[in-house]
Amino acid sequence: MANQSSFSESESTHRSERECSCSAQSSGSSRRESSDYNEQSWVCGKDVANQITSTLGDEILLNQPVRQYARPSRKKQEFPSQLQDLHPSMLKHEYASVPLAQSVDDVVKKLLTLELANHSEKLRLKEEQLIAKVQRDENDRSSTEVKVAILTARIRNLQEHLHKHPKDKANKRRMLMAIDRRKKKLKVLRMTRYESFEKVCQELGITYTFPPEYYRRVTRRWLAKKAFCNKVFQEVQKQKAEQREKQRAEGAKGKEPTSSTEPQETVA
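The rules behind these values
Residues numbered from 1 in each chain as written. Predicted model: local features only at pLDDT ≥ 70, side-chain atom pairs only at ≥ 80, totals over all residues. Heavy atoms only, no water. pLDDT = per-residue confidence, 0-100. Contact = heavy atoms within 4.5 Å. Helix = DSSP H or I, 4+ residues; strand = E, 2+ residues; numbered from the N terminus. Core = buried A, V, L, I, M, F, W, Y, C linked by side-chain atoms within 4.5 Å. Buried < 20%, exposed > 50% of the residue type's maximum accessible area, 1.4 Å probe, protein only. Axes fitted to C-alpha atoms, helices over the stretch in contact; angles between N-to-C directions. Parallel < 35°, antiparallel > 145°, perpendicular 65-115°, else oblique. Nonpolar A, V, L, I, M, F, W, Y, C, P; charged D, E, K, R; others polar. Phe/Tyr/Trp six-rings, centres within 6.5 Å; stacked < 30°, edge-to-face > 60°. Polar contact = N/O pair within 3.5 Å; in protein donor to acceptor, adjacent residues only side chain to side chain. Salt bridge = Lys/Arg side-chain N within 4 Å of Asp/Glu carboxyl O.

This paragraph deals with the confidence of the model for the chain. In this model, the chain carries a mean pLDDT of 79, and residues with pLDDT of at least 70 account for 68%. Below pLDDT 50 for its whole length, residues 1-7 participates in 0 contacts with residues either more than four positions away or in separate chains.

On to the environment of Arg181. Relative to the helices and strands, Arg181 resides in helix α5 (residues 169-192). Separated by 30 residues in the primary sequence, Arg181 and Leu151 place their C-alpha atoms 8.1 Å from one another.

Counting 16 residues, the largest nonpolar core has Val148, Ala149, Leu186, Phe197, Val200 and Leu204 as the members making the most contacts within it. Elements with a contribution of two residues or more to this core: α3 (119-134), α4 (144-164), α5 and α6 (194-204). Take this core: its biggest share by element is 5 residues, from α4. Beyond its immediate sequence surroundings of up to four residues, Leu186 is in contact with Val148, Phe197, Val200, Ile206 and Tyr208.

Below, the discussion takes up the packing of α5 against α6. Look at α5 against α6: their axes get within 6 Å of each other, and the N-to-C directions meet at 135°. It follows that α5 is oblique to α6 by the angle criterion. Counted together, Leu186, Leu189, Arg190 and Thr192 of α5 and Tyr194, Ser196, Phe197 and Val200 of α6 form the full contact between these two elements. Taken together, the residues that form the contact of α5 with α6 break down as 5 nonpolar, 2 polar and 1 charged.

What follows deals with the packing of aromatic side chains. All told, the structure shown has 3 aromatic pairs when counted by the stated rule. Here the aromatic rings of Tyr194 and Phe197 are separated by 5.8 Å at their centres, their planes lie at 40°, and the arrangement is tilted. Placement of both Tyr194 and Phe197 in helix α6 is noted, with a separation of 3 residues, approximately one turn of the helix. Relative to Phe210, the ring of Tyr208 has its centre 5.8 Å away and its plane inclined at 80°; by these criteria the two rings are edge-to-face. Taken together, the ring pairs connect Tyr194, Phe197, Tyr208 and Phe210 into an aromatic cluster.

In this section: the side chain of Thr152. Tracing the sequence through the fold places Thr152 in helix α4. A polar side-chain atom of Thr152 sits 2.7 Å from the main-chain carbonyl oxygen of Val148. Engagement of the side chain of Thr152 in a polar contact is seen with the side chain of Arg182, the distance being 3.4 Å. Setting aside residues up to four positions removed in sequence, Thr152 forms contacts with Arg182, Leu204 and Ile206.

Further remarks concern the pattern of salt bridges. Per the stated rule, a full pass over the model turns up 9 salt bridges. Arg141 serves as the salt-bridge partner of Glu128, at 3.1 Å between the closest nitrogen and oxygen. Within this pair, whereas Glu128 is found in helix α3, its partner Arg141 is found in the loop between α3 and α4, the two being separated by 13 residues in sequence. According to the relative accessible area criterion, Glu128 is buried, its value standing at 12%. Residue Arg141 is classed as partly exposed on the basis of its relative accessible area of 41%. Arg193 is the partner of Glu145 in a salt bridge, and the nearest nitrogen-oxygen pair spans 3.8 Å.

Structure, rendered in structure tokens:
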């Protein structure tokens, strides 16, 4: 009897384990099916939502007014270069006085001319051309006219550079300093040698403008102070005028002739 009871208990436990495993398998398969269905439904819903939002977005974009935030591009005006009149076949300044430079090979001549020259060499030749226009004699290298010509070439070179690079503050400062130096030299030349001043301005194409008069910003405090100073000045002038009148009156009284007293004749 004991053996039968133990056998029946073991069978019942095996049955219960089989039932649990089957139920677990069935629940796992059902979960997988439900998750697959949910994924498919989520993907379909997402596609539909994307289509709806895309159509709505297109309608909104079409209905919105056009806003022109971008400004129209402005083309910079071409700045005339002072080196554009230098022909590439011109010799450099160092070889201009060499007679053999004209009879050399073409390859060597390219090295001696401005065809392969850099910017500084071209600027040097331009400075020499401007100096030749205003110098007093052939050996003049230190006069005021020559210094003005050199400064003019440098100023025009910096102006051309700043037209392309307007944010270059260092070169802008150098240009303004060079303009001030040239202005001082022209002022001295105008006071000492007016004929040379006119020749320099004509040959180099410089327009000389007179410096502006002293200008002070007008404020209410400055106006009140000026009115008070004028009032004080007028009062002082009145007092001085009264003192002058008194001095004149006193002087006139002192200069008046005294009454002459004739001596009485004594009768004997």
